[in-house]
Amino acid sequence: MLKIGAVRWRGKCSRHPMFDPFDGGRGAVKGGCPRCLSLVEICELHQKTMALMRTFAPPVEKKKKVSPLSLLQIGLFEEE
Ligand SMILES: [Zn+2]
């Protein structure tokens, strides 16, 4: 079994802090900057990983359920 926890990660190129690998990908990297190219590679691999995970085990659609807590909260603000 494979378990992967939630990962929050940020990477920024100090020379090109505005570079976003989602915008233009490799073609938008200025002067072949290795840091920006690394961000593109990380982004591509992340997207590929996510696609593989969805293919392996498609996300289960959750039924919309009204939680008892939200009913209580609505009750607090109701006026008669
Ligand atoms: Zn850069």
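Residues numbered from 1 in each chain as written. Predicted model: local features only at pLDDT ≥ 70, side-chain atom pairs only at ≥ 80, totals over all residues. Heavy atoms only, no water.

(A) Fine view of the pattern of salt bridges. Summed over all chains, the structure comprises 1 salt bridge. Across the pair Arg-26 and Glu-44 runs a salt bridge, and its minimum N-O distance is 3.1 Å. One end of the pair, Arg-26, is in the segment before α1 (34-56); the other, Glu-44, is in helix α1, and 18 residues separate them in sequence. Residue classification places Arg-26 among the partly exposed residues on the basis of a relative accessible area of 43%. (Salt bridge = Lys/Arg side-chain N within 4 Å of Asp/Glu carboxyl O. Helix = DSSP H or I, 4+ residues; strand = E, 2+ residues; numbered from the N terminus. Buried < 20%, exposed > 50% of the residue type's maximum accessible area, 1.4 Å probe, protein only.)

(B) Region of interest: a nonpolar patch on the surface. Together, Leu-2, Ile-4, Val-7, Trp-9, Ile-42 and Met-53 make up an exposed nonpolar region whose accessible area comes to about 660 Å². For Ile-4, the position within the fold is in the segment before α1. Here Ile-4 falls in the exposed class, since its relative accessible area comes to 51%. (Patch = residues over 30% accessible without salt bridge, like charges linked within 9 Å, V, L, I, M, F, W, Y side chains within 5 Å. Areas by Shrake-Rupley, 256 points an atom, 1.4 Å probe, with all protein chains shown as cover.)

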